Amino acid sequence: MVGIALVDYDSAKAWAKETPKDSGRWNAIYKIHYDVLHTLAEAFVLFNAIKTKTHEALFAYLCKKHEELLLDWGFLERIRTKRNGSIYYGSPISYNDWKEAELKMNVYINAMKKAVEEKLKE
């Protein structure tokens, strides 16, 4: 899970560097970053023998039971609903949408990656 997610992450970061602001590719870049974060979060909770049924439940569990991760529920809900809008309702994600989420999404991805790596060492 983690290895594939990190390959996706590297690919999406590379695309972000070369994609013009007016491109529709921002939709894919955003969704891939979200999916990487979700996959790392899922991998992390598996160490607690937890398997959630929804993305919302996963993020709620992390915010409630792992406060040490310092995750912002409001942010996680914003990116989840933005991603769902794209997938289920055809709402495109723009460069500006990406820029609003980019920093925090990358911080969270790196934090979850580190948390999973620490669990693997235990």
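Whatever comes next refers back to the structure up there.
**As for a nonpolar patch on the surface**
Turning to step 1, where the next piece is worked out: On the surface, I87, Y88 and Y89 cluster together to form a nonpolar patch covering roughly 400 Å² of accessible area.
Turning to step 2, where the next piece is worked out: Mapping Y89 onto the fold places it in helix 4 (residues 73–89).
Turning to step 3, where the next piece is worked out: Owing to a relative accessible area of 69%, Y89 belongs among the exposed residues under this scheme.

**What about the pattern of salt bridges?**
Turning to step 1, where the next piece is worked out: Taken as a whole and judged by the stated rule, the model has ten salt bridges.
Turning to step 2, where the next piece is worked out: In this structure, the salt-bridge partner of D35 is R83, at a minimum N-O distance of 3.8 Å. Of this pair, D35 sits in helix 2 (residues 26–46) while R83 sits in helix 4, placing them 48 residues apart in sequence.
Turning to step 3, where the next piece is worked out: Among the ionic pairs, K51 bridges to E42, the shortest N-O distance being 3.0 Å.
Turning to step 4, where the next piece is worked out: Linked through salt bridges whose partners overlap, the residues forming this network are E56, E77 and R80.

**Quick look at the packing of helix 2 against helix 4**
Turning to step 1, where the next piece is worked out: The contact between helix 2 and helix 4 brings their axes to 10 Å, and the two run at 130 degrees. Looking at the two axes, helix 2 sits oblique to helix 4. For the crossing formed where helix 2 meets helix 4, the hand is left-handed. Only L76, R78, I79, R80, K82, R83, S86 and I87 of helix 4 make contact with helix 2, whose side of the interface consists of N27, Y30, K31, Y34, D35 and L37.
Turning to step 2, where the next piece is worked out: Here the contact of helix 2 with helix 4 is built from residues that sort into six nonpolar, two polar and six charged.

**Considerations on the packing of aromatic side chains**
Turning to step 1, where the next piece is worked out: Inspection of the entire model under this criterion finds four aromatic pairs.
Turning to step 2, where the next piece is worked out: Pairing W26 with Y95 gives two aromatic rings, centres 5.1 Å apart and planes at 70 degrees, and the pair type is edge-to-face. With a gap of 69 residues between them, W26 in helix 2 and Y95 in helix 5 (residues 95–121) connect regions that are remote in the sequence.
Turning to step 3, where the next piece is worked out: Where F75 meets Y108, the ring centres are 5.4 Å apart and the plane angle is 90 degrees; that geometry is what we call edge-to-face. Remark: Y108 occurs in helix 5 and F75 occurs in helix 4; sequence separation between them is 33 residues.
Turning to step 4, where the next piece is worked out: Using a relative accessible area of 3% as the deciding quantity, one classes F75 as buried.

**Observations concerning the nonpolar core**
Turning to step 1, where the next piece is worked out: Judged by nonpolar contacts, the single largest core of 36 residues is most densely connected at F44, L62, L71, L76, I79, M105 and M112.
Turning to step 2, where the next piece is worked out: Within the residue set of this core, elements represented by two or more residues are helix 1 (2–18), helix 2, helix 3 (55–65), helix 4 and helix 5.
Turning to step 3, where the next piece is worked out: Tallying contributions element by element places helix 2 first for this core, with twelve residues.

**Focus on the side chain of T39**
Turning to step 1, where the next piece is worked out: Within the secondary structure layout, T39 lies in helix 2.
Turning to step 2, where the next piece is worked out: When residues no more than four places from it in sequence are discounted, the contact partners of T39 are M1 and A5.

Rules of the game
- Residues numbered from 1 in each chain as written.
- Predicted model: local features only at pLDDT ≥ 70, side-chain atom pairs only at ≥ 80, totals over all residues.
- Heavy atoms only, no water.
- Patch = residues over 30% accessible without salt bridge, like charges linked within 9 Å, V, L, I, M, F, W, Y side chains within 5 Å.
- Areas by Shrake-Rupley, 256 points an atom, 1.4 Å probe, with all protein chains shown as cover.
- Salt bridge = Lys/Arg side-chain N within 4 Å of Asp/Glu carboxyl O.
- Helix = DSSP H or I, 4+ residues; strand = E, 2+ residues; numbered from the N terminus.
- Buried < 20%, exposed > 50% of the residue type's maximum accessible area, 1.4 Å probe, protein only.
- Axes fitted to C-alpha atoms, helices over the stretch in contact; angles between N-to-C directions.
- Parallel < 35°, antiparallel > 145°, perpendicular 65-115°, else oblique.
- Left-handed = near helix turned anticlockwise from the far one by under 90°.
- Contact = heavy atoms within 4.5 Å.
- Nonpolar A, V, L, I, M, F, W, Y, C, P; charged D, E, K, R; others polar.
- Phe/Tyr/Trp six-rings, centres within 6.5 Å; stacked < 30°, edge-to-face > 60°.
- Core = buried A, V, L, I, M, F, W, Y, C linked by side-chain atoms within 4.5 Å.

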